[in-house]
Amino acid sequence: MVLSQLRPALVLFLLLSALTGLAYPLGMTVLSGLILPDKAAGSLIHDKGHVVGSALIGQNFTSPRYFHGRPSATMGPDPKDPGKTIPMPYNGAASLASNAGPTSRALIERVTRSAAALRAENPEAMARGWHIPIDLVTTSASGLDPDISPEAALFQVLRVAEARGLDEARIRHLVLQQTSQPFLGFLGEPHVNVLALNRALDRMDQ
């Protein structure tokens, strides 16, 4: 009696598990690979046969010769002590935000330090009256944001131009070329992919 009552539930459980846990994900994986193979593979960017990054995950550019992305709050295991974690910007295996509120002392101190560093790195921009764009001192919800605002890229033009010995107008034009507009003209905001911009910058400098 009990077995006859449980059998339909067990059969339904196994059937739904096979459909939603195996067949559907596998079908979507195959279909996306056929329709959008590049995006399904992680939007990887190749250079001379080597993967140099993904269009979906930012990188921690620190050289004055390159445009810098947003701060990242992601963490990773400490190589010296696996039981501890340390800041590891753009760690794709640990997507997270700081979750700090606007009254958080730690957040205020971090933003203050970031702003001070930006002022020191970009003295000419500050001398010309540029204001530090908010996305250069705040982290994204994922901690992996590959994009910055056009304003954040233009804020860095003078530093990059000076570091590379290139004309400011050429760098500014490159930023405008690399700026993606909102989808369909109104969905989202204009943005610049930092990795794509820096790769275009390297090609210009060759």
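The structure contained in this document is the topic of the report that follows. (Residues numbered from 1 in each chain as written. Predicted model: local features only at pLDDT ≥ 70, side-chain atom pairs only at ≥ 80, totals over all residues. Heavy atoms only, no water.)

### As for the overall build of the chain
Summing up its helical and strand segments, the chain has eight helices and seven strands in all. Since a compact globule built from 206 residues should have a radius of gyration of about 17 Å, the 23 Å found for the chain marks it as more spread out than a globular shape. Along the first, second and third principal axes, the C-alpha set of the chain runs to 85 × 45 × 40 Å. With 206 residues in all, the chain has 31% of them scored as buried. By sequence separation, contacts in the chain at least 24 residues apart represent 57% of the contacts at least 6 residues apart. Charged side chains of the chain number 18 positive and 17 negative; the gap between the two group centres comes to 4 Å. (Helix = DSSP H or I, 4+ residues; strand = E, 2+ residues; numbered from the N terminus. Rg over C-alpha atoms; globule rule 2.2 N^0.38 Å. Buried < 20%, exposed > 50% of the residue type's maximum accessible area, 1.4 Å probe, protein only. Contact = heavy atoms within 4.5 Å. Lys, Arg positive; Asp, Glu negative; His and termini not counted. Charge placed at Lys NZ, Arg CZ, Asp CG, Glu CD.)

### Things to note about the sheet that holds strand β7 (residues 191-193)
Spatially, the three strands line up as an open sheet ordered β5-β7-β6, and their pairing is antiparallel. Among the strands making up the open sheet, the edge pair consists of β5 (147-148) and β6 (179-180). Against the sheet, helix α8 (residues 194-205) touches β5 and β7, its axis set at about 60° to β7. (Pairing = 2+ DSSP bridges. Axes fitted to C-alpha atoms, helices over the stretch in contact; angles between N-to-C directions.)

### Section: empty space enclosed by the protein
With the rule as written, the count across this model stands at one cavity of 30 Å³ or more. In this model, the largest cavity occupies a volume close to 50 Å³. In terms of lining, the largest cavity is formed by Ile57, Gly58, Gln59, Phe61, Gly69, Tyr90, Asp145, Pro146, Asn193, Val194 and Leu195. (1 Å grid on protein atoms, 1.4 Å probe; cavity = no way out; pocket = protein on both sides within 12 Å on 5 of 7 lines; lining within 4 Å. Points joined across faces, edges and corners; volume = space filled by probe spheres on them.)

### Quick notes on the environment of proline 71
In this fold, proline 71 is placed in the loop between β2 (50-54) and β3 (75-78). As for proline 71 and alanine 117, which are separated by 46 residues in sequence, their C-alpha atoms are 12 Å apart. Every residue in contact with proline 71, bar those within four places of it in the chain, is listed here: Tyr90, Arg110, Asp135, Leu136, Val137, Thr138, Thr139 and Ser140.

### Considering helix α6 (residues 157-164)
Of all eight residues in α6, six are buried; the element is thus mostly enclosed. Here α6 has its buried residues at Val157, Leu158, Arg159, Val160, Ala161 and Arg164. Contacts from the buried residues of α6 go to α3 (105-121), α4 (123-127), α5 (150-155), α7 (168-177) and α8. Count one or two residues on from α6 and you reach glycine 165, which has phi positive near 70°.

### Details of the side chain of aspartate 147
Looking at the element boundaries, aspartate 147 is found in strand β5. No salt bridge forms around the buried aspartate 147; measuring N to O, its nearest opposite-charge neighbour arginine 70 is 8.9 Å away. One polar contact links aspartate 147 to asparagine 193, side chain to side chain, over a distance of 3.3 Å. Setting aside chain neighbours within four positions, we find aspartate 147 in contact with Arg70, His191, Val192, Asn193 and Val194. (Salt bridge = Lys/Arg side-chain N within 4 Å of Asp/Glu carboxyl O. Polar contact = N/O pair within 3.5 Å; in protein donor to acceptor, adjacent residues only side chain to side chain.)

### Section: the pattern of salt bridges
If the charged atoms of two oppositely charged side chains come close together, the side chains can form a pair. All told, the structure shown has five salt bridges when counted by the stated rule. Of the charged contacts, one joins aspartate 81 and lysine 84 as a salt bridge, the two residues approaching to 3.9 Å between their closest N and O atoms. According to the relative accessible area criterion, aspartate 81 is partly exposed, its value standing at 31%. Measuring nitrogen to oxygen at the nearest pair gives 2.8 Å for the salt bridge that ties aspartate 202 to arginine 164. Here the residue aspartate 202 occupies a position in helix α8, and arginine 164 occupies one in helix α6, the gap between them amounting to 38 residues.

### Considerations on the pairing of strand β4 (residues 81-87)
Little of β4 sits inside the fold, with zero of its seven residues counted as buried. Across four bridges, β3 lies against β4 in antiparallel orientation. By the bridge assignment, methionine 75 is partnered in β4 with proline 87. Counted along the chain from β3 to the antiparallel partner β4, the turn is two residues long.

### With respect to the layout of surface pockets
Quantified by volume, the largest pocket comes out at close to 640 Å³. What lines the largest pocket is a set of 30 residues, among which Pro71, Ser72, Arg110, Ser114 and Leu136 lie closest to the centre. Top contributing element to the lining of the largest pocket by residue count: α3, with nine residues. Residues belonging to the lining of the largest pocket are distributed by class as follows: 13 nonpolar, eleven polar and six charged. (Nonpolar A, V, L, I, M, F, W, Y, C, P; charged D, E, K, R; others polar.)

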